[in-house]
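# Chains, contacts and geometry: an overview
Below, each chain spelled out in residue letters.
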Amino acid sequence: MKQDRKFFVEKKSWSKTKDDLLSAYLVPYFAKISMRAEKLIYFDGFSGPGLFHDGSSGSPLIALGIYDKHVKEHNPRYNDAAFFFSEKKADYRASLEEAIGTRMHAASETAVFASYEENLAAVVDAARTTSKHLSAFFYIDPFGIIDLDFGHIKTIRNNITSSEILLNFCSPGLLREMFCVKKINGMVPKDVEYGNEMRFEGSDEQRTLRLDRILGGNWWLEMAQSHKSGTDNYWDLEKAISDRYRQNAANLYTYVISMPITIPGSKTLKYRMMHMTNHPDGCITMNDNMIVRKRHHNPQSSLFDEDIDGELLGSSRDDEIQQTAEKLVATMPFDRKIQLGVIIAKLISATGVTYRSSELGKRFIAPFEHDGVIQRADPHANSSSWSNNRIEFIRRRMGS
Ligand SMILES: C[S@@+](CC[C@H](N)C(=O)[O-])C[C@H]1O[C@@H](n2cnc3c(N)ncnc32)[C@H](O)[C@@H]1O
């Protein structure tokens, strides 16, 4: 059986973590969009056959199942959601169509395309022609990195402001291709596994251009070429490249966070899941969701001690977060209300996934209220609550 076909035989634990991250996010996401009666497009670019051989649902059925449950139980009158899937392999596509067709679902429209490019073009077209407020969620889960293209993220962002992306960023596959095409002596740690991704073909020049397209520029080249062989250095490079990619995405979306998905019981990374959104609530929900997933799937590691990347939390990391919070508060306009959620989401996007949102408020924003730098816009608001992200704050002028 070919490698990529093995993927759908039995769901691996890291795929379950990825599914859990998606499912836990879609529950409040679908609720929010349907309650506001907005038009929704759900895009799954790399859909697979829908069902694994072991009977577990793939990403298209997971999303449709959550949507159905929500609409039937909470909002049966909502019917403005279109689900756009794409799958390159004809037999997988046929299985997917059958799996969707044999289930009753509340989605107003489902479509299955033969390529994610076609699918993306259809979503952009729908966005251009709709007269309603459109929200769109993009789930991008390819094998490896060969099908990624930073230009597509720009296309999505430029055409749909209210879009969110959850992207599988397979950084080990990326490093392998960089080392290979640029003849870099980069020792790959022996427990790094690649799985199913396709190998790049073509001349070195074509392969380099392909990497530029995936990453949105040639910024990676200097980082890769200054790499010194060694296991620790390998993970440092992986983090540096992923961070830079995340920062570039943050030039398009206000809030971008990432979670490494590892092989259970080890720190060996399979890929990163990156979330991009312009909505503070979305960033906060995903932050809290990532923390729960990490604890759930790696019970031996406690997020009371480590951030999502396994870096120790505590005095120096906390100082860093506190300094970033200070800068954020210092740039708040005077006399204008700002929601706690916006401050917290900015803090998360700038410092990464560390603490739950309510904990971030308590630890890093409360001191500014205590010192009188900010105050609650409503003096009667419960001053001990740091879990209501709607609470508004005002920055005080000194001496006022
Ligand atoms: C990692 S699997 C997706 C798994 C799926 N998200 C799930 O959770 O069940 C990637 C899928 O993308 C498909 N694929 C690869 N290139 C594609 C393309 N250009 N357009 C659409 N699908 C593609 C592969 O055949 C494979 O089924």
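Residues numbered from 1 in each chain as written. Predicted model: local features only at pLDDT ≥ 70, side-chain atom pairs only at ≥ 80, totals over all residues. Heavy atoms only, no water.

## Structural notes on the side chain of Ser-258
Tracing the backbone through its elements, the reader meets Ser-258 in strand 6 (residues 255-262). A distance of 3.2 Å separates polar atoms of two side chains, one belonging to Ser-258 and the other to Arg-272. In contact with Ser-258, not counting residues within four places along its chain, are Arg-246, Arg-272, Met-273, Met-274, Met-290, Ile-308 and Val-353. (Helix = DSSP H or I, 4+ residues; strand = E, 2+ residues; numbered from the N terminus. Polar contact = N/O pair within 3.5 Å; in protein donor to acceptor, adjacent residues only side chain to side chain. Contact = heavy atoms within 4.5 Å.)

## Let's talk about the pairing of strand 1 (residues 39-44)
The buried count for strand 1 comes to six of six residues, which makes it a mostly enclosed element. A two-sided burial pattern is seen for strand 1, the buried positions comprising Lys-39, Ile-41 and Phe-43 on one face and Leu-40, Tyr-42 and Asp-44 on the other. Pairing of strand 1 with strand 4 (residues 134-140) involves six bridges; the strand directions are parallel. Residue Tyr-42 lies in a different strand from strand 4, and its bridge partner there is Phe-137. In the sheet, strand 1 pairs with strand 2 (residues 81-86) via five bridges, with the strands oriented parallel. Considered in strand 2, the bridge of Phe-43 is made with Phe-84. Regarding the hand of the β-α-β motif, the stretch spanning strand 1, helix 3 (residues 59-74) and strand 2 is right-handed. (Buried < 20%, exposed > 50% of the residue type's maximum accessible area, 1.4 Å probe, protein only. Pairing = 2+ DSSP bridges. Right-handed = clockwise from strand over helix to strand, strands pointing away.)

## With respect to the site of the ligand
Lining the immediate environment of the ligand, one finds 20 residues, of which Phe-46, Ser-59, Glu-87, Lys-88 and Asp-141 sit closest. In this structure, Phe-46 approaches the ligand through a main-chain N or O atom, which is 3.1 Å from a nitrogen atom. Taking Asp-141, its side chain carries an N or O atom lying 2.8 Å from a nitrogen atom of the ligand. Grouping the constituent residues of the shell around the ligand by class yields eight nonpolar, seven polar and five charged. (Near = heavy atom within 4 Å. Nonpolar A, V, L, I, M, F, W, Y, C, P; charged D, E, K, R; others polar.)

## Some points on helix 6 (residues 150-159)
Listed in full, the buried residues belonging to helix 6 are Phe-150, His-152, Ile-153 and Ile-156. Here the buried residues of helix 6 occupy an arc of 155° about the axis, which is enough to place them on one side. The elements touched by buried residues of helix 6 are helix 5 (116-129), strand 4, strand 5 (163-169), helix 8 (204-215), helix 10 (231-249) and strand 7 (269-277). At the N-terminal end of helix 6, a side-chain oxygen is found 2.8 Å from the backbone nitrogen of Gly-151, two or three residues along, and the residue is Asp-149. (Arc of directions from axis to C-beta.)

## Describing the confidence of the model for the chain
With 95% of its residues at a pLDDT of 70 or more, the chain has an overall mean of 91. Mean pLDDT per element in the chain: helix 1 (residues 3-6) is the minimum at 68, and helix 6 is the maximum at 98. (pLDDT = per-residue confidence, 0-100.)

## Concerning the environment of Pro-189
Tracing the backbone shows Pro-189 in the loop between helix 7 (171-181) and helix 8. Here the alpha-carbon distance between Pro-189 and Thr-231, two residues 42 residues apart in the chain, equals 5.5 Å.

## Overview of the pattern of salt bridges
Applying the stated criterion to the full structure yields 22 salt bridges. In this structure, the salt-bridge partner of Arg-390 is Asp-281, at a minimum N-O distance of 2.7 Å. On the criterion of sequence distance, the pair formed by Arg-390 in the loop between strand 9 (374-376) and strand 10 (392-395) and Asp-281 in helix 11 (residues 280-297) is long-range, its members being 109 residues apart. Linking Arg-363 and Asp-318 is a salt bridge whose minimum nitrogen-to-oxygen distance equals 3.4 Å. Separated by 45 residues along the polypeptide, Arg-363 in helix 14 (residues 357-370) and Asp-318 in helix 12 (residues 315-330) bring together distant segments of the chain. On the basis of relative accessibility, which here comes to 37%, the residue Arg-363 falls in the partly exposed class. According to the relative accessible area criterion, Asp-318 is buried, its value standing at 15%. Several salt bridges converge on common partners, so that one network encompasses Glu-238, Lys-239, Asp-243, Arg-272 and Asp-309. (Salt bridge = Lys/Arg side-chain N within 4 Å of Asp/Glu carboxyl O.)

## Description of the sheet that holds strand 6
If you walk across this open sheet you meet the seven strands as 3-2-1-4-5-7-6, and the pairing is mixed. The two strands at the open ends of the sheet, each matched to only one other strand, are strand 3 (109-113) and strand 6. The sheet shows a mean angle of 10° between the axes of neighbouring strands, direction not considered. The strands touched by helix 7 within the sheet are strand 5 and strand 7, with strand 7 carrying the most contacts at an inclination of about 110°. (Axes fitted to C-alpha atoms, helices over the stretch in contact; angles between N-to-C directions.)

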